[in-house]
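# Structural description and commentary
Here's the letter readout for the chains.
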Amino acid sequence: MLFFTRWKAAAILITAFLICLCAVPNFFPESTVKNWPSWAQRHVVLGLDLQGGSHLLLEVDSGAVRKERLQGLADDVLRVLRQARIPFTGRAIKGNSVEVHITRDTDVDNALAKLRELSTPLSGILGASGQRTVDVVQSAGLITLTPTDAALTERIRQAVDQSIQIIERRVNELGLVEPTIQREGVDRILVQVPGLQDPTRLKDILGKTAKLDFRMVDLSMSAQQAIETHPPADSEVLDGEGGAKFLVEKHVLVSGADLTDAQPGFDQRTSEPIVSFRFNSSGARKFAEATQANVGKPFAIVLDNKVIEAPVIREPILGGAGQISGRFTVQQVNDLAILLRAGALPAPLTIIEERTVGPGLGQDSITAGEHAAYAGAALVIIFMFVTYGLFGLFANIAVAINVAMIFGVLSLLSATLTLPGIAGIVLTVGIAVDSNVLIY
């Protein structure tokens, strides 16, 4: 005969009771549970199909990834040839390639060797294929560098991975509960946020690249002259507030990647909403060097290729901190601070599918699921009791405790419950009774 000591039986009963107790918050209104201790506020989170919410399918802009890669390759060509002191002309991006003309024929071989160092073995998932990142072709004095298709595919994959991490940080900053963020295919990201009925702010937060740069304003000509003629090769014309135009150098003094913190606040002098930011040690050093070397000159604060401000550097800024203002509302500075803290997306995201599941449909799903669960459980209990008698009663009690413990564990983990989860619990009720009959 199977025998358990009293302390083992007591331990089993106490464990089952405590786990079942974790499911209690699910039976009380949210307003009541909020007044309980924090450790007692855990409950099962309803999924998108049960409580409604927002469904977004995002796509990474592969064209922007390609353009950024070509611009980076063009900058690398400039850096390598200058370091090697090789004269050149005609450096330009044409189609999907970067072309550069070496001035002296005697320097062509040396330039080709230096530029081939930019082509490295492809790393990442596709690294085993033996392909390289750049194809380098030379024809007379013209050298053409073309990023390979495999390298661009790998860069898009990396952009999706980085975007998923940044989206998670942005959504969590909004205080939304249990979002689902996952890859869909090569260049798409699925975002599901239960309980969010108005996705407008979510789309605004996710749709912004939030790429922050600090650059110098080019004073060699006015922005209007640059538009009418042609801007210098290392500068570009950007839009500003109120339709203003700025001629800004392409070279980035400090990027938003060097930010360690960004917080919304108010200017003590004007009481207007601002965002206060702070750099890491590397960013603080670069910002200090840039402001020391350019006292009396304007520099541009550029967010997503739009000039927010273009103040004049009155004195060196050595503290590694500053603030951004620009006729923002309180909501805008809060969102901007969230974006800067979470980091910039490696590429723009496009919303290609949007669905909103209303709370009414979710409630219908909950009601249907409850009715199915109650009906299934009742039929199983009646069948077990009629067929097995006292042993069926024991089995029914054991299965009831089993289901209560399932909800207790789900509550303890703040897990998400969906319609397939309800179906799984009903299936557990139907199957577990067989094993309980055999045991008892």
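Use the structure listed above.
This one's a predicted model, so the numbers in the text were calculated from it and none came from an experiment. (Residues numbered from 1 in each chain as written. Predicted model: local features only at pLDDT ≥ 70, side-chain atom pairs only at ≥ 80, totals over all residues. Heavy atoms only, no water.)

### Here's the deal with the sheet that holds strand β17 (residues 321–324)
Two strands in a sheet stick together by hydrogen bonds in their backbones, pointing the same way (parallel) or opposite ways (antiparallel). What counts here: Each pair of strands is called paired provided DSSP finds at least two bridges between the two strands. Numbering of helices and strands runs from the N terminus; a helix is a DSSP stretch of H or I covering at least four residues, while a strand is a stretch of E covering at least two. Under this scheme, a helix contributes an axis fitted over its contacting stretch, all axes are lines through C-alpha atoms, and angles between N-to-C directions fall in the 0 to 180 degree range.
One open sheet accounts for 3 strands, arranged β13-β14-β17; its pairing is antiparallel. Because the sheet does not close on itself, it has two edges, and the strands there are β13 (259–266) and β17. Direction aside, neighbouring strands of the sheet carry axes that sit 25 degrees apart on average. Taken together, the 7 bridges between β13 and strand β14 (residues 273–279) define a ladder with antiparallel strand orientation. By the bridge assignment for β14, G265 is matched with I274.

### Describing the packing of helix α6 (residues 149–173) against helix α10 (residues 330–342)
Angle between the axes and distance between the axes are the two parameters that describe a pair of packed helices. Note the threshold: Crossing handedness follows the turn of the near helix against the far one: under a right angle anticlockwise gives a left-handed crossing, and clockwise gives a right-handed one. Here, two residues are considered to be in contact whenever any of their heavy atoms come within 4.5 Å of each other. Think of it as three bins: nonpolar holds Ala, Val, Leu, Ile, Met, Phe, Trp, Tyr, Cys and Pro, charged holds Asp, Glu, Lys and Arg, and polar takes everything else, Gly as well.
Contact geometry for α6 and α10: axes closest at 9 Å, N-to-C directions at 145 degrees. Crossing of α6 against α10: the hand is right-handed. Note on element contacts: α10 touches α6 through I338, L339, R341 and A342, opposite I166, R169, R170 and E173. Residues belonging to the contact of α6 with α10 are distributed by class as follows: 4 nonpolar, no polar and 4 charged.

### A few points about unusual backbone geometry
Of note in the backbone geometry, D304 takes a positive phi value of approximately 50 degrees without being a glycine. Backbone geometry at N305 places phi at a positive 60 degrees, although glycine is not the residue there. Counting through the fold element by element, N305 comes out in the loop between β15 (299–303) and β16 (306–309).

### Here's the deal with the packing of aromatic side chains
The test is simple: Ring pairs shown here join Phe, Tyr and Trp side chains whose ring centres sit within 6.5 Å, with only the six-membered ring taken for Trp; geometry is labelled stacked below 30 degrees between planes, edge-to-face above 60, and tilted in between. We call a residue buried when its accessible area falls under 20% of the maximum for its residue type, exposed when it is over 50%, and partly exposed in between, using a 1.4 Å probe and counting protein chains only.
Across all of its chains, the model carries 8 aromatic pairs by this definition. Between F214 and F277, the aromatic rings sit 5.5 Å apart at their centres with planes inclined by 45 degrees, giving tilted as the arrangement. With F214 in strand β9 (residues 212–216) and F277 in strand β14, this pair connects stretches of sequence that are 63 residues apart. Assigned by exposure class, F214 and F277 land together as buried. Here F214 and F279 contribute two aromatic rings whose centre-to-centre distance is 5.5 Å and whose plane-to-plane angle is 70 degrees, an arrangement assigned as edge-to-face. Of the two residues, F214 is situated in strand β9 and F279 in strand β14; the sequence distance between them amounts to 65 residues. Put simply, the rings of F214, F277, F279, F287 and F299 pair up and form one aromatic cluster.

### Things to note about the pattern of salt bridges
If the charged atoms of two oppositely charged side chains come close together, the side chains can form a pair. The line we're drawing: By definition here, a salt bridge exists when the distance from a side-chain nitrogen of Lys or Arg to a carboxyl oxygen of Asp or Glu is within 4 Å.
Considering all chains together, one arrives at 15 salt bridges under this definition. Across the pair E154 and R157 runs a salt bridge whose closest N-O atoms are separated by 2.7 Å. Separated by 3 residues within a single helix, E154 and R157 lie in helix α6, roughly one turn from each other. Several salt bridges share partner residues, and in doing so they unite E154, R157, D161 and R183 into one network.

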